[in-house]
There are 2 protein chains.
Amino acid sequence: MTKENVCKHKSILEISEKMPCEEKLYDVADLFKVFGDCTRIKIIYGLFESELCVNHIAQLLNMTQSAISHQLKTLKDARLVTSRREGKEIYYALADKHIKNIFEQGYKHICEKE
Amino acid sequence: MTKENVCKHKSILEISEKMPCEEKLYDVADLFKVFGDCTRIKIIYGLFESELCVNHIAQLLNMTQSAISHQLKTLKDARLVTSRREGKEIYYALADKHIKNIFEQGYKHICEKE
DNA sequence: CTTTCATATGAGCGTTTATTCATATGAATA
DNA sequence: TATTCATATGAATAAACGCTCATATGAAAG
């Protein structure tokens, strides 16, 4: 390895300065961490189709209400879903349009390669 | 909850039929799982700037060569990076353009919200 | 061929995470 | 107000994960 910390045309320091700050990097990692679980992925794909209440999601994924509820909390903490009450049920929906874009890119990647 | 498994205008079955198959869903989750770690995020941001060899990355992130090497294996298994030898060093680079798009969307999400 | 040096790898350890089970909460309705 | 029912939550457990340490690999240089 070069002693001057130079890789090709850029120094390590130069690259370091162009990186987003530590906090943003953690935020990005935390966001993708939420997408990195199959149960949550399924919930999100379900919500692409329609608003859904907890029990509908539990049926759709064939999982317990509790498991879904825990995961919805994770999704809500990451501001990926919103909820609203309607009668006795609480309906969940996707929070913003970036989510679909992110998934489209991800889907392209796996389809092209594997 | 409705007894007919109907949420708004769509039945659970109808939504279920529109979901990608189980295998694809797992692949998508596995892809995002790779993005869900701050060390790997930093490596990827470094590679946005330049091809880098293992020791450069270790310096950039101030981490051990071994830790970086393990993470590069994860990234390579997910087909997110490629490698090529040049003399004694092995240079890593990003594998495709989707990666930058995914990050741009993710970055927008965190900037808008938190 | 031998040595060197960058990188890769396997085992071990502590931490995080997803699910389950039992139970709490709290809005709607009777 | 009391009951019901959908949802939320806390503790416990098992699995997955990231890092470290020691060591292996293998191409390049001597």
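As shown above, the structure is provided for reference.
Computed from a predicted model, the values in this text were never measured in an experiment.

A.B. asks: I would appreciate a short explanation of the relation of the copies chain B and chain A in the present structure.
C.D. replies: Note that the two copies of the chain are related through a rotation about an axis and a translation along the same axis. Of the two same-sequence chains, chain B is brought onto chain A (RMSD 0.0 Å, axial shift 0.0 Å) by a rotation of 180°. Taken together, these values place the two copies in the relation of a two-fold axis. An overlap of 98% is found between the interface residues of chain B and their copies at the interface of chain A, pointing to a shared contact surface.

A.B. asks: Where do I start with the packing of aromatic side chains in this structure?
C.D. replies: By convention here, two paired aromatic rings are described through the distance between centres and the angle between planes. For the coordinates displayed, the defined rule picks out 15 aromatic pairs over all chains. Look at Tyr45(A) and Phe103(A): their rings are 5.5 Å apart centre to centre, the planes differ by 90°, and that puts the pair in the edge-to-face class. Taken as a pair, Tyr45(A) in helix α3 (residues 38-49) and Phe103(A) in helix α6 (residues 98-113) lie far apart in primary sequence, 58 residues in all. A residue is classified by how much of its surface remains accessible, and Phe103(A), at 2% relative accessible area, is buried. Summarising the aromatic geometry, the rings of Phe32(B) and Phe35(B) are spaced 6.4 Å apart at their centres and angled 55° between planes, so their arrangement reads as tilted. Here Phe35(B) and Phe32(B) lie together in helix α2 (residues 22-35), a separation of three residues that amounts to about one turn.

A.B. asks: Help me understand the interface of chain B and chain A, please; the structure alone is not making it clear to me.
C.D. replies: How big an interface is tends to be stated in terms of accessible area lost as the parts join. The interface of chain B with chain A comprises 66 residues on the first partner and 65 residues on the second. Across the interface of chain B and chain A, roughly 6100 Å² is buried in total on both sides, 66% from carbon and sulfur atoms. Residue Glu22(B) is joined to Lys42(A) by a salt bridge in which the shortest nitrogen-to-oxygen separation is 2.9 Å. The interface formed by chain B and chain A holds ten residue pairs in polar contact (both at pLDDT 80 or more) in total. A total of 13 residues in the side of chain B that touches chain A trace back to one element, the largest contributor, which is helix α6 (residues 98-113) of chain B. Of the residues that constitute the side of chain B that touches chain A, the class distribution is 30 nonpolar, 14 polar and 22 charged.

A.B. asks: Help me understand the protein's contact with DNA strand D in this model?
C.D. replies: In the vicinity of DNA strand D, 26 residues are found, and the nearest of them are Tyr92(A), Thr39(B), Arg40(B), Ser66(B) and Gln71(B). Counting only atoms of DNA strand D within 4 Å of the protein, the sugar-phosphate share comes to 67%. Separating a sugar or linking oxygen of DNA strand D from a side-chain N or O atom of Lys88(A) is a distance of 3.4 Å. The separation between a phosphate oxygen of DNA strand D and a polar main-chain atom of Ile90(A) is 3.2 Å. Listing elements by their share of the surface near DNA strand D, those giving two or more residues are α4 (54-61), α5 (65-77) and β5 (89-94) of chain A together with α3 (38-49) and α5 (65-77) of chain B.

A.B. asks: Can you help me understand the side chain of Arg40(B) in this one?
C.D. replies: Residues and elements named next belong to chain B. With respect to the helices and strands, the residue Arg40 is situated in helix α3. One buried charge, Arg40, has no salt-bridge partner; the nearest side chain with opposite charge is Asp37, at 4.3 Å. Every residue in contact with Arg40, bar those within four places of it in the chain, is listed here: Lys33, Val34, Gln71, Thr74 and Leu75.

A.B. asks: What is the right way to look at the protein's contact with DNA strand C in this model?
C.D. replies: Thr39(A), Ser66(A), Gln71(A), Ser66(B) and Tyr92(B) are the nearest of the 26 residues found near DNA strand C. Each atom of DNA strand C within 4 Å of the protein belongs either to a base or to sugar and phosphate, the latter forming 68%. Contact between DNA strand C and Asn55(B): a phosphate oxygen at 2.9 Å from a side-chain N or O atom of the residue. Between DNA strand C and Ser66(B), the relevant distance is 2.7 Å, taken from a base oxygen to a side-chain nitrogen or oxygen of the residue. For the surface near DNA strand C, the elements supplying multiple residues, two or more each, are α3 and α5 of chain A together with α4 (54-61), α5 and β5 (89-94) of chain B. By residue number, the principal contributor to the surface near DNA strand C is α5(B), which donates five residues. The residue makeup of the surface near DNA strand C, split by class, is seven nonpolar, eleven polar and eight charged.

Scoring rules and cut-offs
Residues numbered from 1 in each chain as written. Chains lettered and ligands numbered in written order. Predicted model: local features only at pLDDT ≥ 70, side-chain atom pairs only at ≥ 80, totals over all residues. Heavy atoms only, no water. Least-squares fit on C-alpha atoms with pLDDT ≥ 70 in both. Contact = heavy atoms within 4.5 Å. Phe/Tyr/Trp six-rings, centres within 6.5 Å; stacked < 30°, edge-to-face > 60°. Helix = DSSP H or I, 4+ residues; strand = E, 2+ residues; numbered from the N terminus. Buried < 20%, exposed > 50% of the residue type's maximum accessible area, 1.4 Å probe, protein only. Buried area = accessible area lost by both parts, 1.4 Å probe. Salt bridge = Lys/Arg side-chain N within 4 Å of Asp/Glu carboxyl O. Polar contact = N/O pair within 3.5 Å; in protein donor to acceptor, adjacent residues only side chain to side chain. Nonpolar A, V, L, I, M, F, W, Y, C, P; charged D, E, K, R; others polar. Near = heavy atom within 4 Å. Lys, Arg positive; Asp, Glu negative; His and termini not counted.

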